[in-house]
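The primary structure of each chain is shown beneath.
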Amino acid sequence: MDDLVTERLVLHPLSVLEAERVAAGETADGDLWAPGYPADGDMMGAGRFLTTCSITGDPGPFGAYEIRRRTDGHAIGGLGFHAVPDEDLAVTVGYGLIPSVHGQGYASEALRGLLEFARARGVSRVEGDTDQDNIASQRVMTAVGMRLVAEDKALKYYRIDFPVDGKAADALRSWTGGRRAG
């Protein structure tokens, strides 16, 4: 699968081998990791991706991505889908960056790129959540057009809905039919 490219970033889909290295926090020749990468959230996301692969197979474009700067190729965080689209063509996403690059707009840019990718493939809804006290993440989701739809004591829940393109939705339903867990 090809990288997704934004103005300043490359969203690189992780292979199983790459995800194993991220989950373990161990580089191999050719890996360009900024200091502090992978953070705990990156390792957890890579682990979730590996679990999905072991249960249902590679989720293809609805897997995990490494966020890399275009200027130097260094990995600075991760984002991705928690699973392939469900029967309603909805997905849940998560993301994170190393602390040294916070406040530079990278999270919004990466999430916006992933949302555009999902929409173009027929996804009807994208959901995400954040801790109640994570104001920066709440601002990121709001900046990309997601809206607050619910909250509880621990989390705030966001989502964005897309108009359904019949042809893209039919293709996505056909593709995801054999890839759903459970």
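None of these values were measured; they are calculated from a predicted model.

About the cut-offs
The numbering scheme is per chain: residues are counted from 1 as the chain's sequence reads. It should be noted that, the model being predicted, local features are given only for residues of pLDDT at least 70 and side-chain atom pairs only at 80 or more, the latter also being counted only at that level, while totals for whole chains, interfaces and linings use all residues. Side-chain measures here rest on the full set of heavy atoms in the structure, leaving out hydrogens and waters. Only protein atoms enter the 1 Å grid used here. Points where a 1.4 Å probe fits but cannot escape make up a cavity, open sets with protein on both sides within 12 Å along at least five of seven lines make up a pocket, and a residue lines them when an atom lies within 4 Å of a point. Grid points are joined across faces, edges and corners, and a volume is the space filled by probe spheres set on the points. Per the convention used, a helix needs a DSSP run of H or I reaching at least four residues, while a strand needs a run of E reaching at least two, with both numbered from the N terminus. Three classes are used: nonpolar for Ala, Val, Leu, Ile, Met, Phe, Trp, Tyr, Cys and Pro, charged for Asp, Glu, Lys and Arg, and polar for all others, with Gly counted as polar. Exposure categories follow from relative accessible area, calculated using a 1.4 Å probe and restricted to protein chains: below 20% of the type maximum is buried, above 50% is exposed, and the middle band is partly exposed. Strands pair, by our definition, only if DSSP identifies at least two bridges between them. Residues are treated as being in contact if the distance between any of their heavy atoms lies within 4.5 Å. Axis angles are defined between N-to-C directions and span 0 to 180 degrees, where every axis is a line fitted to C-alpha atoms and, for a helix, only to the segment in contact. Definition used in this section: a nonpolar core is a set of buried Ala, Val, Leu, Ile, Met, Phe, Trp, Tyr and Cys residues joined via side-chain atoms within 4.5 Å. Here the expected length of a helix is defined as 1.5 Å per residue gap, with one fewer gap than residues.

> Requested: an account of empty space enclosed by the protein, with residues and values cited.
Across all of its chains, the model carries one cavity of 30 Å³ or more by this definition. By volume, the largest cavity amounts to about 40 Å³. Per-element tally for the lining of the largest cavity: the top contributor is helix α1 (residues 16–24), with three residues. Split by residue class, the lining of the largest cavity holds two nonpolar, no polar and five charged.

> Hey, could you go over the environment of M44 for me, with residue numbers and the actual values?
Its place among the elements puts M44 in helix α2 (residues 40–56). Considered as a pair, M44 and L14 are 30 residues apart in the sequence and their alpha carbons are 14 Å apart.

> With reference to specific residues and values, describe the pairing of strand β4 (residues 75–81).
Regular strands show a simple pattern: their side chains alternate between the two faces of the sheet. Extensive coverage of β4 is indicated by the burial of seven of its seven residues. Here five bridges tie strand β3 (residues 64–69) to β4, and the two strands are oriented antiparallel to one another. By the bridge assignment, I67 is partnered in β4 with G77. Between β3 and β4, which pair antiparallel in sequence order, lie five residues; one of them, G73, sits at a positive phi of approximately 80 degrees. Two strands pair when backbone bridges link them, and β4 and strand β5 (residues 90–97) are joined in this way by five bridges, in the antiparallel orientation. Note on β5: the bridge partner recorded for L79 is Y95.

> Break down the sheet that holds strand β7 (residues 147–151) for me, citing the residues and quoting the values.
Sheet architecture is open: eight strands sit in the order β1-β2-β3-β4-β5-β6-β8-β7, paired in mixed fashion. If you trace the sheet from one side to the other, it starts and ends with β1 (4–5) and β7, each paired once. Packing of helix α3 (residues 106–120) onto the sheet brings it into contact with β1, β2 (9–13), β3, β4, β5, β6 (125–131) and β8 (155–161), and relative to β4 it is tilted by some 35 degrees. Set on the sheet, helix α4 (residues 135–143) makes contact with β5, β6 and β8; between it and β6 the angle comes to about 160 degrees.

> Just give me the short version of the nonpolar core, but keep the residues and values in it.
The biggest cluster of nonpolar side chains holds 47 residues, and the ones touching the most others in it are I76, F81, V126 and M146. Ranked by the residues each element gives to this core, the list is headed by α3, at eight residues. Residues contacting F81, with those up to four places away along its chain left out, are P61, F62, G63, Y65, V91, T92, V93, L114, F117 and A118.

> Give a description of α3 that names residues and reports values.
When the terminal C-alpha atoms of α3 are compared, their 21 Å separation across 15 residues agrees well with the 21 Å that a helix rising 1.5 Å per residue should span. Of all 15 residues making up α3, eleven are buried, and the element is well covered by its neighbours. Residues of α3 that are buried: Y106, A107, S108, E109, A110, L111, G113, L114, L115, F117 and A118.

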